[in-house]
Amino acid sequence: EEDFLTIDNLDLSFVIDEIKKHEPTELIINQANNTMLCLIKSYDKSKKSEFIESARNLLDWISLYPSYLDADCNSINKLQIILRERKLDYKEKAVLYKIIENTTDNIIAFGALLLLGETKEAKGLYQDLSDEEKIWIQDLPIYHFFKAF
């Protein structure tokens, strides 16, 4: 994300359009997802709307290819973008509760709990994660909500 913040004359729409020109494959979608996460982190550091708008634009494209990215992960990414702009509504919160109820992935559950503001539960789940998982999570933009606790 440092690159996005330090590039002069950065044309994010060009960057996003270049990514979208590629034939979607698992590799391309994963790279696009990583770029989208970096855009969110850049927004968190700068509060520049073009970063969050570009992240949403890229996520919309990623969402067209659901076979390449976990649906729960995609929903969490969508909702963490929304939460940076406004409070989640009832239906959005319901999506997160459903994810928590159905997932077996503690990292996904942790992310959903963070977005719901369920601090106590998120902290408890975080303690149960391995050291490797904790280090990985700390580099994700969703960790921004954990640091806020």
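Residues numbered from 1 in each chain as written. Predicted model: local features only at pLDDT ≥ 70, side-chain atom pairs only at ≥ 80, totals over all residues. Heavy atoms only, no water.

Remarks on the side chain of Ser54
Phase 1 of the analysis: Counting through the fold element by element, Ser54 comes out in helix α4 (residues 49–62).
Phase 2 of the analysis: A polar side-chain atom of Ser54 sits 2.8 Å from the main-chain carbonyl oxygen of Glu50.
Phase 3 of the analysis: With sequence-adjacent residues up to four places away left out, Ser54 is seen in contact with Leu12, Ile16 and Leu39. (Helix = DSSP H or I, 4+ residues; strand = E, 2+ residues; numbered from the N terminus. Polar contact = N/O pair within 3.5 Å; in protein donor to acceptor, adjacent residues only side chain to side chain. Contact = heavy atoms within 4.5 Å.)

So, the packing of aromatic side chains
Phase 1 of the analysis: In this structure the tally under the stated criterion is six aromatic pairs.
Phase 2 of the analysis: With centroids separated by 5.2 Å and ring planes inclined at 70 degrees, the aromatic side chains of Phe110 and Phe146 adopt a geometry described as edge-to-face. In this pair, Phe110 sits in helix α7 (residues 106–116) while Phe146 sits in helix α10 (residues 143–147), placing the two residues 36 residues apart along the sequence.
Phase 3 of the analysis: On the basis of relative accessible area, Phe110 is assigned to the buried category, the value being 1%.
Phase 4 of the analysis: The exposure class assigned to Phe146 is buried, which follows from its relative accessible area of 12%.
Phase 5 of the analysis: Judged by centre distance (6.3 Å) and plane angle (40 degrees), the rings of Tyr126 and Tyr143 are tilted. Of this pair, Tyr126 sits in helix α8 (residues 119–128) while Tyr143 is found in helix α10, placing the two residues 17 residues apart along the sequence.
Phase 6 of the analysis: Residue classification places Tyr126 among the buried residues on the basis of a relative accessible area of 8%. (Phe/Tyr/Trp six-rings, centres within 6.5 Å; stacked < 30°, edge-to-face > 60°. Buried < 20%, exposed > 50% of the residue type's maximum accessible area, 1.4 Å probe, protein only.)

Note that every value here comes from positions in space, so none of it alone points to a role or purpose.
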